[in-house]
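Architecture at a glance
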Amino acid sequence: TPAGCRMRTLAWLGIASLCLGAAWAIPAKERRKAEKPKADLALYENLDNYDLTLDSYGEILDLSNYEELYDYGDFAPKIEVGTLAPRPKDPMTLPNLGTTAETPKLQPPTTASPVRPAPPCCAMPRVASAPPGLPSCLLCLCIGTSVYCDDADLEHIPPLPPETTYLYARFNRIGTIRASDFTGLKKLKRIDLTSNFISWADVDAFRLLPSLQELILPENRLTALPELPCSIVRLDARLNRIPSTGLRPEAFRDLKQLQFLHLSDNQLDHIPVPLPESLRSLHLQNNNIQTMHEDTFCDSQDHSQVRRALEDIRLDGNPINLSLFPNAYFCLPRLPTGRYF
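Residues numbered from 1 in each chain as written. Predicted model: local features only at pLDDT ≥ 70, side-chain atom pairs only at ≥ 80, totals over all residues. Heavy atoms only, no water.

As recorded in an unreviewed UniProt entry, the chain goes by OPT protein and comes from Pelecanoides urinatrix. Check the Sequence similarities (unreviewed entry) section of the UniProt entry for the chain; it says "Belongs to the small leucine-rich proteoglycan (SLRP) family. SLRP class III subfamily." You can read under Subcellular location (unreviewed entry) in the UniProt record for the chain the words "Secreted, Extracellular space, Extracellular matrix". (UniProt positions renumbered as here; feature names shortened; annotations may be inferred.)

1. Some thoughts on the state of the cysteines
Two cysteines form a disulfide when their sulfur atoms are joined by a covalent bond. Summed over the entire model, instances satisfying the criterion amount to 3 disulfides. Put simply, C137 and C142 are joined by a disulfide, and their sulfur atoms are 1.9 Å apart. Classification of the bridge connecting C137 and C142 rests on its S-S torsion, roughly -110°, and on that basis the disulfide is left-handed. Both residues of the pair, C137 and C142, count as buried. (Disulfide = S-S within 2.5 Å. Buried < 20%, exposed > 50% of the residue type's maximum accessible area, 1.4 Å probe, protein only.)

2. Quick word on the pattern of salt bridges
For the structure on display, the rule yields 16 salt bridges. D181 serves as the salt-bridge partner of R178, at 3.0 Å between the closest nitrogen and oxygen. Notably, a salt bridge pairs R207 with E227, separated by 3.7 Å at the nearest N-O pair. Linking R207 in the loop between strand 6 (200-201) and strand 7 (214-216) with E227 in the loop between strand 7 and strand 8 (234-236), this pair joins segments that are 20 residues apart in sequence. (Salt bridge = Lys/Arg side-chain N within 4 Å of Asp/Glu carboxyl O. Helix = DSSP H or I, 4+ residues; strand = E, 2+ residues; numbered from the N terminus.)

Pasting the structure below:
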């Protein structure tokens, strides 16, 4: 009947409306869950090349859209930003995580003056003269067994450490050398007193030094040479005022290890003979030497003699004419340097 048809139609419409209502009743949360994987993938694709820090966090992630991308009630990955401490403004306030030592306790202030480290003895300021008994390391620079007293305004040689091997006291105002200045220095090998005011040296000032090899005395005011130890290898007394009478007779004969004898720019009027066979270099230029003997360098009785070591003889600057003494050089490997006309 017409009434029955209307009832069936209404029933089907009711069922259809219930189905449509159920479909539209799906929560928005579920719809967002279905759409989120695609959004999540797009978000993390750009994070591989970034170093996510507190400073760059806002640049990498757009926080304005954070609520649209994530629902706090979901199981989506969470980035915890509240677990990091804020970066301090002053780098010096960063904690030292590598040490676990306890913080030292503060000590109460004291009224005593602060303790200052004592400077090394060899680095003390230079002074004009040394009080009796004051070690030279308070006046000079001591490095190992070497003592450096250059340009220290010294008027005397200060007491030296017993182990001193090398002494440099150049450019001072030392006027005399006493026998007691080097007493007991058995290891002293080199003394350099260049450019002082030395006018006198005790005769035993150097003779009792068993290890002395080099005595350097140029640019002083010496008028005589003291006795030398047999161990001497090099004597340099250039630019002094030494005449021939200031040398002891046969002063160098017994010095069997002497190799370098430099007496240029003095007042010598003859060559100091005899010269030891060990001599290699003889510098006598700029003196007042006018003549020599045939036996000055060679033995005139032994024509087979050859002095191979003596290769350096300087006689230039003297008024001697070397061509007048041709028989004086036959044993030498090289002619002396000087005037031959």
